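Given next are the chains, with one letter for each unit.
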Amino acid sequence: MYSEKVMDHFQNPRNVGEIEDASGVGTVGNAKCGDIMRIYLDIDDETHVIRDCKFKTFGCGAAVATSSMATEMVKGKTIEEAMQVTNKAVMEALDGLPPVKVHCSLLAEEAIHAALWDYAEKHEIRIEGLQKPKSDISEHDADEEY
Amino acid sequence: MKKVIYLDNAATTKVNPQVVEAMLPFYTEHYGNPSSVYEFSTPCKEAMAHTREIIAKTLGADDSEIYFTNGGTESDNWALTATAEAYASRGRHIITTQIEHHAIIHTGQYLESRGFEVTYLPVDETGLVDVKALERAIRPDTILISVMFANNEIGTIEPIQEIGEIAAKHGVLFHTDAVQAFCHEPIDVNECHIDMLSASAHKFNGPKGVGFLYIRKGLKLRSFIHGGAQERKRRAGTENVPGIVGMGKAVEIAQANMGENKKKETVLRDYLIGRVLSEVPFTRLNGHRSRRLSNNANFAFQFIEGESLLIMLDMDGICGSSGSACTSGSLDPSHVLLAIGLPHEIAHGSLRLTLSDETTKEDIDYTVESIKRIVERLRSMSPLYEDFVKAREKKEF
């Protein structure tokens, strides 16, 4: 069902945990559809480099794996670079996801954006291309992206 | 191959080697078509008659009331659609429940699209149908009541005899989907006033692709599969003779060992339930505590999601199943768990383990240790658990 990379990131998830006094925190998804992701970011205020990134996820194997991969992909990047990490990039990095799990990758992208939005609001800055995240990812959105 | 602890016997079972042995000659020796006149086909006819006789005997039915099908889903489809069609002139209302198998629910929805009205009765938090509510739902135009004997997910055994009595009192036909119960629980179609009953061989150590529908004598049900004159012209198509032979053997073995197996499985099931509920915090048992199939345990673990749990159990060689959305191919968790009142996020964290007569105490101990480790690990990754712990700390502070 899942690629080897998905299984690896599910079995050995990278960056699980919390960051105390995080620069930005974002929680997306809903319990109704069975996936909730929370991303913590530690951002350097001068350079806008994401020094650390952690996650907690309630969800299926794909939800855990996309969270893990997404945190890996934004860690060490600047905010501008992190904005380029799309759900498609996360999926490609995981060697693909089953069609019914595409919404998980979308959730990961949204979670990163939600954490960046939180950071931007706290610091009253504007991040190019960042929109207020939806807190609820429905199946409909996933279909569109796919 | 790594060691496998198979705890998904409600999904399907291992075929008993004695069943396989009984079937084999009907592939290479007695391969004649039962419809043919020559003597070469006689063993096939005899073997089929034998299976029919065994099944009829266990149900208190007559041989001529047993119709072979390809399994539970076909039997359910046949019972509902044919009854609806045959009795439409009397009424177009059918009563069933919210916790039926999809073979019933989706057939009910199909009939609704064809102008029938279907009442899906709610159940209580243990999964039991309220017989008083059922009686109140009966209308002058009600033609059929269909209630499962035992639920496939949570194992709750319904008050079938009481429901049958109510149906008989009101002159309404009564069908029961006994796919999980036949050969696991004693069933008498006369005592329970059952007019139709669905069963499937692979749920009791028989082969896949064969089952039957019991139809009480006198019911005017049309043919479901059109063609030849097999099954008293009611179910066309050359019979799955090896499958039917295997089903007969499986029924024989299951009936002979039912009492002993039930006792053994109940002890292990209760041991499993007891250990999990006392050793894994924030866990509940789904389904009725005592009125449940002797091999069924179904848990809801708060703050975690079922598919993750299943994959991790699989890595430990344990086969189970879950009512989580991710395992169903949709975003909604099991309709059964929602019907017993579980909130979505808890329904997503459910785990069904179904034992067999081969399950050992060692298997259960290994499984419980694995569950404990996995649930703790998944909770440590869960934002829901994090919120819960923080809220609790705040309260205590």
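Up top is the structure.
So, a few notes on the structure that sits alongside this text. (Residues numbered from 1 in each chain as written. Chains lettered and ligands numbered in written order. Predicted model: local features only at pLDDT ≥ 70, side-chain atom pairs only at ≥ 80, totals over all residues. Heavy atoms only, no water.)

Membership of the largest hydrophobic core comes to 69 residues, with the highest contact counts inside it found for Leu116(A), Leu272(B), Phe299(B), Phe301(B), Leu309(B) and Ile371(B). Residue contributions to this core peak at 11 residues, all from helix α5 (residues 102-123) of chain A. When residues no more than four places from it in sequence are discounted, the contact partners of Leu272(B) are Ala297(B), Phe299(B), Leu353(B), Leu355(B), Ile364(B) and Val368(B). Core analysis: the second largest hydrophobic core is formed by 67 residues, Ile145(B), Val251(B), Ala254(B) and Val336(B) among them. (Core = buried A, V, L, I, M, F, W, Y, C linked by side-chain atoms within 4.5 Å. Buried < 20%, exposed > 50% of the residue type's maximum accessible area, 1.4 Å probe, protein only. Helix = DSSP H or I, 4+ residues; strand = E, 2+ residues; numbered from the N terminus. Contact = heavy atoms within 4.5 Å.)

What follows deals with the interface of chain A and chain B. Each partner contributes residues to the interface: chain A has 29 residues there, and chain B has 26 residues. In total, chain A and chain B occlude about 2200 Å² of area from one another, counting both sides; carbon and sulfur atoms represent 64% of this. For chain A, the biggest contributors to the area lost against chain B are Phe10(A), Lys32(A) and Phe58(A); these three give 26% of the whole. Linking chain A with chain B are five salt bridges, by the criterion used here. Between Glu386(B) and Lys56(A) there is a salt bridge; the shortest N-O distance is 3.5 Å. Counting across the chain A and chain B interface gives 14 residue pairs in polar contact (both at pLDDT 80 or more). Elements with a contribution of two residues or more to the side of chain A that touches chain B: α1 (4-11), β2 (35-43), β3 (50-58) and α2 (61-74) of chain A. The leading source of residues in the side of chain A that touches chain B is β3(A), at four residues. (Buried area = accessible area lost by both parts, 1.4 Å probe. Salt bridge = Lys/Arg side-chain N within 4 Å of Asp/Glu carboxyl O. Polar contact = N/O pair within 3.5 Å; in protein donor to acceptor, adjacent residues only side chain to side chain.)

Turning to the packing of aromatic side chains, a few remarks are in order. Residues and elements named next belong to chain B. Per the stated rule, a full pass over the model turns up 12 aromatic pairs over all chains. Here the aromatic rings of Phe182 and Phe204 are separated by 5.4 Å at their centres, their planes lie at 75 degrees, and the arrangement is edge-to-face. Of this pair, Phe182 sits in the loop between β6 (173-177) and β7 (196-200) while Phe204 is found in the loop between β7 and β8 (211-215), placing the two residues 22 residues apart along the sequence. Each member of the pair, Phe182 together with Phe204, is buried. Taken together, the ring pairs in this structure connect Phe282, Phe303, Tyr385 and Phe388 into an aromatic cluster. Just above the ring of Phe116 sits the side chain of Arg92; from NZ or CZ to the centre is 4.3 Å. (Phe/Tyr/Trp six-rings, centres within 6.5 Å; stacked < 30°, edge-to-face > 60°. Lys NZ or Arg CZ within 6 Å of the ring centre and 35° of its normal.)

For the rest of this paragraph, the subject is the pattern of salt bridges. Pairing is possible between side chains that carry opposite charge, provided their charged atoms lie close to one another. All chains considered together, the criterion is met by 36 salt bridges over all chains. Between Glu185(B) and Lys262(B) there is a salt bridge, with its nearest N and O atoms 2.7 Å apart. Here Lys262(B) lies in helix α9 (residues 241-279) and Glu185(B) lies in the loop between β6 and β7, a separation of 77 residues in the sequence. Taking the relative accessible area as the measure of exposure, Glu185(B) reaches 11% and is therefore buried. The exposure class of Lys262(B) is partly exposed, given its relative accessible area of 25%. Put simply, Glu279(B) and Arg275(B) hold a salt bridge, and the shortest N to O gap is 2.8 Å. Note that Glu279(B) and Arg275(B) are positioned in helix α9 at a spacing of four residues, about one turn of the helix. Through salt bridges that share partners, Glu18(A), Arg38(A), Lys56(A), Glu386(B), Asp387(B) and Lys390(B) make up one connected network.

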